[in-house]
Each structure stands twice: as structure tokens, then as C-alpha cells.
Amino acid sequence: MAALLQISEPGLSPEPHQRKRAVGIDLGTTNSLVATVRSGTSTILNDEQGRALLPSALHYDKQGLSCVGYEALEHDLSDPLNTLTSVKRFMGRGLEDVALFGEQLPYQFAAGGESGMPKFATAAGAISPVQASAELLASLERRAQLALGGDLDGAVITVPAYFDDAQRQATKDAAMLAGLKVLRLLNEPTAAAIAYGLDSAGEGTIAVYDLGGGTFDISILRLTRGVFEVLASGGDSALGGDDFDRAVAEWLREQCQIGSDMTPQVQRQLLAAAKSAKQQLSEDEGTTVKVGEQSVELDRAQLAELIDPLVAKTLRSCRRSLADAGVKVDDVDNVILVGGSTRALRVREKVAEYFSKEPLCHLDPDEVVALGAALQADVLIGNKSGDDMLLLDVIPLSLGIETMGGLVEKIIHRNTTIPVAKAQEFTTFKDGQTALAVHVVQGERELVSDCRSLARFELRGIPPMTAGSAKIRVTYQVDADGLLSVAAREITSGVEARIEVKPSYGLEESEVTRMLQESFSHARDDMAARALREQQVEADRIIEDIRAAIDADGEALLDASELECLVKSLDELKQLRDTTTEHRQLARKIESVAKGSESFAARRMDAAVKKALSGQTLDQLEGEL
Amino acid sequence: MPLSKDYFSLFGLPVSYDVNRRELDAAFRALQQRYHPDRAATGSDAQVREAVQQAAFINQAYSALKSPLARAQYLLELAGVEADYESQVTRDGLFLMEQIALRERMEELFEHPHPFDELEQLRSSVEVKFVECEESFTQAHTDEDFQRAVDAVAKLQFFAKLLDQLDELEQDLEDR
């Protein structure tokens, strides 16, 4: 299969025995963790005090960031405005979204930049959720560098499966700001399945039930010969263990005959009492709850009555996802529990009852996501032989385009396996129309106003034609991280526009640059130089790759003018690579050369696949893989 | 990005409506093991981009062959048949009557004394019709009678939609 290998060089493993430092990071709402694979086993990396968790908390003072983690939590009561927690909830969100959270938030917000992203007003100035997350990542990175004895080569960072494009992009921006090379954004339930799947070496259908503090995720996967295929994922982004606490607190309030117009202090007291009672009932049959002067008895049966309606809601989501996956509940071989809220016994009972089997929970539900991410990082960085494990994930929410009348036309449906590219043709509405507005949205609803707006751009320069005769092909492409890019092209004239979806809530390019300059201490000076160097390496690589390809198949697959054109563009790239000091300029040229060689690459793959697959049985094929 | 003209040969399968699902799944996994962007995670941007396109193409081919309806449509596309399935169906009066009767039964589900039994009956009768359409498609496709094949696909499309709606109805019934 030499022909195939020649093309897919990225598949080649690095030299043997040269292990790279790769980690998995669970960047959580409440706690974050980092893990790595050591002698074949995924292990959590503890801090110097031997603690696994890094509370996702930061404290700022006039000088800037003063501390993170447990230390930052100590400031929570004394200096709440300068102590940030739960920043994950703000990732990729706009000010208007934050207003919809509908509860008292302990922060003050500064007006966002042009991006409209909320920023926390702290003693150190306005801090964006992306900046704060970057600091958490940097802290975990330092922990890992100490443990592994050097700089990291790459990281897999987990995100909730329901995260939309804006939230994913914000997470990636945070990693970039922390100077981490992101190998992959991985869905949390999928990470958990990997941790269990490789642990139990099980094959078959897996349901991952992930109940956190504020969110619920369900994913249905199939594991066959090391390939994890996500069949469907769903859930409820506004349902979690905190709702259990609220239900219990409300019951306590009634029992103690406290009016619903209680002060925030009393409210907080009730919530705290509810939470600790809930946790106590995972150990004991009954507990006495003290609220001020009063004592209330709460037992498991009463707790069950309070939380059952909420658990039932999660099971309805499970049923929906099973239907999406085309899997019957009896077909599920293993159920995995993830998230702190699955510690509640009642949740375990109901899940076991629904799936008619005992769920797996022998891995710590707080750690399992980071452990799985580390396994994936190890494979992606090339420490394991490549064909051991492969993950095929899906897109959690449909991607669509606005059409006439504020309606959404779905282009990529939810639960489609990624990466994916889909194109659809549209036409002009008026005679002589020369521009077309493309509005990219994400969500399941019919109306644009009910979906999340991701990006808008315009295709201009359409030659004037009668209404309905222009042919505009809009292509959506989602990469393996679940991130979207969109291109629009008028077919008769070839006019084109494309956009990497930098959602309205993400960071503007200028903002990223500025933030990099401001807060990126260890590389402040050599940023530009490093970027240039990276692009030069990239240029060398692409020149080499394409020349090798031309040597091999150029004459067979290209006609004379195509060949000449390709060679000319390579010469231009080489010249620019040797002369320019502007890394962006070089990057643009690389991009254009890469695009120019796409059809050649496509023909080569076509030819290679035909050659490779002809005359072989499948078993032979799989035997070789 | 036409990486290959024909999804069947991509997976090493004969061009036919009858697809061995086990072979298709195995070939799909084998191709993704090789071409997925994860295999290029440490590669250059250009390599990653290429891998994304390859993997996307493989995914597209897989989903087209996996679904009976999409597979039938793809076979007609391969045969160079362009069709407007909707106008094709409406000329079949008998089919139209049948369709109206099925819809009426679905609308009455919520008032039905045993809605789940009724739903199961509806589902199995639609499934039987679906299989009948598949058979007539296979026959027409083999005979290269594309008019009949298009007609069968249009009906398949209708029954597939009905089955989806029945799934939704079942959820609504359970949730009420």
C-alpha cells in the first residue's frame, strides 16, 4: 500500500522511543484536572500538595492575577468581586446571553470590546472569560511541565457535548492564549467512554450519562475494534445537580415556614443545607437538617420524591438520544456514569432501572473525563501506534442558514459524523441582485430568532442576472474539533467569499493579538519571530510535499498548463519564504498554494484509493490496518 | 471535491441496492482509521486540511450508503437520472388515498384508547410498505426502468418521513 502511505504522511508515527509529552485537560465549571499516560496507564497529575483538583477559581488584585485554585477560593467570601468562579458558563457568550441567566451574578461586568463579549470588572481591570480560562489552563500546564520534566507537546481539552461553535471557539482561544498546542477539543462524555472503553476493553454499545452541577449530557457510542463511533448525543444544558439542591431547599423552606420573600442570606443558607443533606443521604438512610433554630428530618424516600421529576427529565433525553442513534434500550451493553451529581444514589437507581443494568462507576466521576482525554492525547501525539484507537464524533447541534422570512434551512443536521462538508445551492431573489447575505445559525428550531447566530458575511460581485438564475453554492465544513467554516460561491461567475466562523461572541483578531501581547509573558518578545519561523517550516514542508507529489504523479495526473501553474506557485512561495519577515503574508501565500493544489491532491487520493482497494477483500484490508 | 466518483467503489462494494452492512461498516472504519484528521494531528496545517476533506468525503459516502433512502437516491444519481420526486408521486391516485388514510390514523392517535398499540400497528404496516417499495426499486433498477425506480424512491421518501413522524409521536405520547 505504498501509494496510500505516500499521501497520508501525517499517519506515520514519529521515531520509536521518542515519547512526547501530551496531556488531557478537563477544564471544568467548578474544578479542572490534568492527566497524562504513563507506562500505558492514564494518571491524574496532582499539584505539589498532592491534590488532584484545581478549583476553577481565580483571584485578581491591583497587580493582576494573584492566585488560582484553592488559594483563590479563600478570597471568595472576603473579596467576591475580584474572585472569579464558574467562568466556563460565560465562555462564548454575549452580554445578552448572560442577562438571560436570570439569577443574581456575583460579578460586575465591564462593557465588552467590539466583540460584545462580557468581561468581569476586577481590581486588575476588565478580564474576559477567555483570559480567565487561559490562566487556569496555564496553571495546569505548569503542573504538568513540573511532573513531566519539560514543555508540553500537545493537549486535548474537553468541552461539554452540547457546547456550540462559539463556546468551542472560545475554549480554543483560551488554549492559544495559554500557549498550548491543542491536539483536539474532545466532548466530555466521549472522553469518559474512552477511559472506560480502553479500561474494560469492551466492545458494543455504550451510553454515557453525564450529570454535572448545571448540565446534563447523554451520548450513545459504539465501540468496534478500537473505533469509537458516537451515534448520537443530546441532553439539557439547563438541568443538573444544582436543580436537585434547589428542589430540596424549596421543600426545606416550606417545612420551616419561611416566606418566599426571604433575604439572599437565608436563601444561600437553605441551599447550603440542602446540598449537604443531599450528600449525607448518599451515605445514610436519613439525616437531620438544621435551618437556623429549626431542625427538619429528611430521608431517602422524601429526597427521591423531590428529585424524581428531574431525573425523569434526564431519562426522557436518554430516550430521545437512543431514538436518534437508532438503538433500542436493550441493545445498550454498558452504561457509564460521569459527573459529580451521579453520586446521588437515587440517580444511580433510576438509571439502572431505565437501562435494566447496573451502570459502571468504578472510575472516579470527577476524574474520568481527564483520564479519557489523556488517552486520546497520547494517541494523537503519536505515542501509540496510530491504528489503535480512533474516535468518530458527531456535531451536537444542527447548522443552518437563514432563508427568506427569517426561517432556518438546515445544512448539516445534528448527530452527523464529523468532519463533514455539505453544500447547498441558493439563488437570488431580485432581478439584478449583486450581493447575497449569508447568516450562519446553529440550533434545532425553525426560526432564526430561536437559534444561535454564529456569523454573517456577504458574497458580493455577483453579476446582475434575472431573479432566480444565479447559482450560489454555500458550503459548510466542520472539522474534527467541531469548528465550522463556511464558503459561498457563485457558480457561473466564480465569485467567492469564505469565512472561518469566528462567532460574534468570540474574540476579534485584534483582541487576540492585544491579549497575547498583554498577558502572554513567556513569549512576549519572540512571538512574531516564532510565528514567522513556524510559517517558514510550514512553507518548507508544503513545498517538499507537493514537489514529491509532482515527481510521483505529476505527469500522469496533470496536464501541461496545470503543471506549469503549480510549479510557478511553488517557486513564488519559495521566494517569499526566503525574503519576507511578515508571517501573516507568508501564511496567506501558503494557504493559496495549498488551495491551488487541492484538486491534484484529490486526484491522487482518488487514484490511490482505487489502486489500493482493487482486488482486495475486506479482511485483507483490515488485516493490514 | 470529487475524491472518487463512486461511493460504492470507495468502500470496495458492488454497485447495488443490496449492501452488506457488515462489510460497509468494516470498510468505513478501515478507511477512517487511515484518513481521519486524528492521524494528522501533529502534521502541518495543509496536511490537516487535506485529512479533513478526505474524512468528510468518507463520512458523506458512508451516510449515503447507510440509509436505504439515500442509497436509492444515490443509485439513481449514478445512473444519471434527474428526478422531481414530489410531482411524480402525486399522479398515483391510489397511493395518495393510502397516504391520506395513514395520516388520518396518525392524527387520531392521541384520542385512541390504546395509542401505543395503535402506533405499533401503524409502524409495522408502514415498515411493510417500505420493504415493498425497496423490492420494487431493486427490480426497477435492475431492469433499468428508471421511471418506475424514481416512483419507488418517491414513495420510499414518503414512508421514511412517516416513520420519523411516528418516532416523534411516540415521544410526544410518552411525554404527555
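Look up: the structure comes first, before these words.
For clarity, every value in this text was computed on a predicted model and none was experimentally measured.

## Let's talk about the overall build of chain B
Move 1: Along the backbone of chain B there are eight helices and zero strands.
Move 2: What you see in chain B, going N to C, is helices and strands ordered as α-α-α-α-α-α-α-α.
Move 3: A compact globule built from 176 residues should have a C-alpha radius of gyration of about 16 Å, whereas chain B, at 20 Å, is more than 25% larger.
Move 4: For chain B, the spread of C-alpha atoms along the three principal axes comes to 60 × 45 × 25 Å.
Move 5: For chain B, the proportion of its 176 residues judged to be buried stands at 51%.
Move 6: Considering only contacts in chain B between residues 6 or more positions apart, those separated by 24 or more positions represent 69%.
Move 7: Roughly 8500 Å² of accessible area belongs to chain B as shown, and the carbon and sulfur atoms make up 49% of that amount.

## Structural notes on the sheet that holds strand β8 (residues 109-110) of chain A
Residue and element names in this part refer to chain A.
Move 1: Pairing is antiparallel across the open sheet formed by three strands, whose spatial order is β8-β9-β10. What marks the edges here is a single partner per strand, and that holds for β8 and β10 (125-127).
Move 2: Examined bridge by bridge, strand β9 (residues 119-122) and β10 share three bridges and lie antiparallel to one another. Across the sheet, residue A121 finds its bridge partner in β10, namely A126.

## Things to note about the side chain of A:S398
Move 1: Position of A:S398 relative to the elements: it lies in the loop between β19 (390-392) and β20 (399-403).
Move 2: Not counting residues up to four positions away in its chain, the partners in contact with A:S398 are A:K410, A:I412, A:H413, A:R414, A:V441, A:Q442, A:G443 and A:E444.

## Some details on the interface of chain B and chain A
It is common to give the size of an interface as the accessible area lost on bringing the parts into contact.
Move 1: Contacts between the two partners involve 43 residues from chain B and, on the opposite side, 55 residues from chain A.
Move 2: Looking only at chain B, the three residues that lose the most surface to chain A are B:R29, B:R34 and B:R39, adding up to 16% of its buried area.
Move 3: For the pair chain B and chain A, the number of links is two salt bridges.
Move 4: Between B:D38 and A:R184 there is a salt bridge; the shortest N-O distance is 2.3 Å.
Move 5: Across the chain B-chain A interface, the total number found is eight residue pairs in polar contact (both at pLDDT 80 or more).
Move 6: Among the elements of the structure, α1 (7-10), α2 (21-35), α3 (45-66) and α8 (146-175) of chain B are those that each provide at least two residues to the side of chain B that touches chain A.
Move 7: By residue number, the principal contributor to the side of chain B that touches chain A is α3(B), which donates 14 residues.
Move 8: Taken together, the residues of the side of chain B that touches chain A sort by class into 17 nonpolar, 15 polar and 11 charged.

## Quick look at the pairing of strand β26 (residues 484-490) of chain A
Residues and elements named next belong to chain A.
Move 1: Of all seven residues that make up β26, six are buried, and the element is covered over most of its length.
Move 2: The pairing of strand β25 (residues 472-478) with β26 spans seven bridges and is antiparallel. Along β26, the bridge assignment pairs T475 with A487.
Move 3: Hairpin connection of β25 to β26: five residues between the antiparallel strands, including G482 at a positive phi of 85°.

## Describing helix α11 (residues 368-381) of chain A
Working note: α-helix, 3.6 residues per turn, so residues spaced by three or four point in the same direction.
Residues and elements named next belong to chain A.
Move 1: Between its first and last C-alpha atoms α11 spans 20 Å; for 14 residues at 1.5 Å apiece the expected length is 20 Å, and the two agree.
Move 2: The element α11 is extensively covered by neighbouring structure, given that 14 of its 14 residues are classed as buried.
Move 3: At the exit of α11 stands G382, carrying a positive phi of roughly 100°.

## Points about α2(B)
Residues and elements named next belong to chain B.
Move 1: Its 15 residues place the ends of α2 21 Å apart at the C-alpha level, agreeing with the 21 Å of an ideal helix rising 1.5 Å per residue.
Move 2: Counting buried residues in α2 gives 12 out of 15 residues, a clear majority hidden from the surface.
Move 3: Inspection of α2 places L24, D25, A26, A27, F28, R29, A30, L31, Q32, Q33, R34 and Y35 among the buried residues, and these make up the whole buried set.
Move 4: Regarding α2, its N-cap is N20, as a side-chain oxygen of that residue lies 2.9 Å from the backbone nitrogen of R22 further along.

## Some points on the packing of aromatic side chains
Move 1: Applying the stated criterion across every chain yields a total of 13 aromatic pairs over all chains.
Move 2: Each member of the aromatic cluster is reached from another via a ring pair, and the members are B:Y7, B:F8, B:F57 and B:Y74.
Move 3: The ring centre of A:F163 lies 6.0 Å from the NZ or CZ of A:K88, which sits over that ring.
Move 4: Sitting above the plane of the B:Y17 ring, B:R71 keeps its charged end 4.6 Å from the centroid.

## Looking at the sheet that holds strand β6 (residues 64-68) of chain A
All names here are of chain A.
Move 1: The three strands lie next to each other as β6-β5-β7, forming an open sheet whose pairing is antiparallel. Every other strand in the sheet has two partners, leaving β6 and β7 (83-85) as the edge strands with one partner each. Shown here is a sheet whose adjacent strand axes are inclined to one another by a mean of 30°, direction ignored.
Move 2: Of the strand pairs in this sheet, strand β5 (residues 57-61) and β7 are connected by three bridges, and their pairing is antiparallel. If you follow L58 over to β7, its bridge partner there is L84.
Move 3: Contacts from helix α4 (residues 129-148) reach β5, β6 and β7 within the one sheet, and its direction differs from that of β5 by about 110°.

## Re the pattern of salt bridges
Move 1: For the structure on display, the rule yields 43 salt bridges over all chains.
Move 2: For A:E572, the salt bridge goes to A:K589, with nearest N and O atoms at 2.8 Å. On the criterion of sequence distance, the pair formed by A:E572 in helix α14 (residues 560-579) and A:K589 in helix α15 (residues 583-596) is long-range, its members being 17 residues apart.
Move 3: Residue A:E572 is classed as partly exposed on the basis of its relative accessible area of 34%.
Move 4: Residue B:R123 is joined to B:E120 by a salt bridge in which the shortest nitrogen-to-oxygen separation is 2.9 Å. You can see B:R123 and its partner B:E120 sitting in helix α7 (residues 115-142), three residues apart, about one turn around the helix.
Move 5: Taking the relative accessible area as the measure of exposure, B:R123 reaches 12% and is therefore buried.
Move 6: The structure contains a network of salt bridges with shared partners spanning A:K172, A:R184, A:D481 and B:D38.

## Here we look at the nonpolar core
A general trend in soluble globular proteins is that nonpolar side chains are found buried together.
Move 1: Ranked by internal contacts, the top residues of the largest apolar core, which has 53 residues, are B:L10, B:F11, B:I58, B:L65, B:F137, B:F159 and B:L166.
Move 2: Counting residues per element, this core draws most heavily on α8(B), which supplies 13 residues.
Move 3: If we skip the residues at most four places from it in the chain, B:L65 touches B:Y7, B:F8, B:F11, B:L13, B:L24, B:R71 and B:Y74.
Move 4: Counting residues in each nonpolar core, the second largest holds 41 residues, with A:L231, A:A274, A:V335 and A:A344 among its members.

## A look at unusual backbone geometry
Residues and elements named next belong to chain A.
Move 1: Note the cis peptide between I418 and P419, where omega equals 0°.
Move 2: The backbone of R225 shows a phi angle near 45°, a positive value even though the residue is not glycine.
Move 3: Residue Q257 is not a glycine yet carries a positive backbone phi of 50°.
Move 4: Here Q257 lies in the loop between α7 (241-255) and α8 (264-280).
Move 5: Judged by its relative accessible area of 74%, Q257 is exposed.

## Quick word on a negative patch on the surface
All names here are of chain B.
Move 1: Judged by side-chain charge, E104, E107, E108 and E111 come together as a negatively charged surface patch.
Move 2: Examined against the element boundaries, E104 turns out to sit in helix α6 (residues 93-107).
Move 3: Since its relative accessible area comes to 45%, E104 is described here as partly exposed.

## Section: the state of the cysteines
Residue and element names in this part refer to chain A.
Move 1: For the coordinates displayed, the defined rule picks out zero disulfides over all chains.
Move 2: The cysteine C318 is free of any disulfide, with C361 supplying the nearest cysteine sulfur at 16 Å.
Move 3: The buried category is assigned to C318, whose relative accessible area is 1%.

Scoring rules and cut-offs
Residues numbered from 1 in each chain as written. Chains lettered and ligands numbered in written order. Predicted model: local features only at pLDDT ≥ 70, side-chain atom pairs only at ≥ 80, totals over all residues. Heavy atoms only, no water. Helix = DSSP H or I, 4+ residues; strand = E, 2+ residues; numbered from the N terminus. Rg over C-alpha atoms; globule rule 2.2 N^0.38 Å. Buried < 20%, exposed > 50% of the residue type's maximum accessible area, 1.4 Å probe, protein only. Contact = heavy atoms within 4.5 Å. Areas by Shrake-Rupley, 256 points an atom, 1.4 Å probe, with all protein chains shown as cover. Pairing = 2+ DSSP bridges. Buried area = accessible area lost by both parts, 1.4 Å probe. Salt bridge = Lys/Arg side-chain N within 4 Å of Asp/Glu carboxyl O. Polar contact = N/O pair within 3.5 Å; in protein donor to acceptor, adjacent residues only side chain to side chain. Nonpolar A, V, L, I, M, F, W, Y, C, P; charged D, E, K, R; others polar. Expected span 1.5 Å × (residues − 1). Phe/Tyr/Trp six-rings, centres within 6.5 Å; stacked < 30°, edge-to-face > 60°. Lys NZ or Arg CZ within 6 Å of the ring centre and 35° of its normal. Axes fitted to C-alpha atoms, helices over the stretch in contact; angles between N-to-C directions. Core = buried A, V, L, I, M, F, W, Y, C linked by side-chain atoms within 4.5 Å. Patch = residues over 30% accessible without salt bridge, like charges linked within 9 Å, V, L, I, M, F, W, Y side chains within 5 Å. Lys, Arg positive; Asp, Glu negative; His and termini not counted. Charge placed at Lys NZ, Arg CZ, Asp CG, Glu CD. Disulfide = S-S within 2.5 Å.

By themselves, these are just geometric observations and shouldn't be taken as functional.
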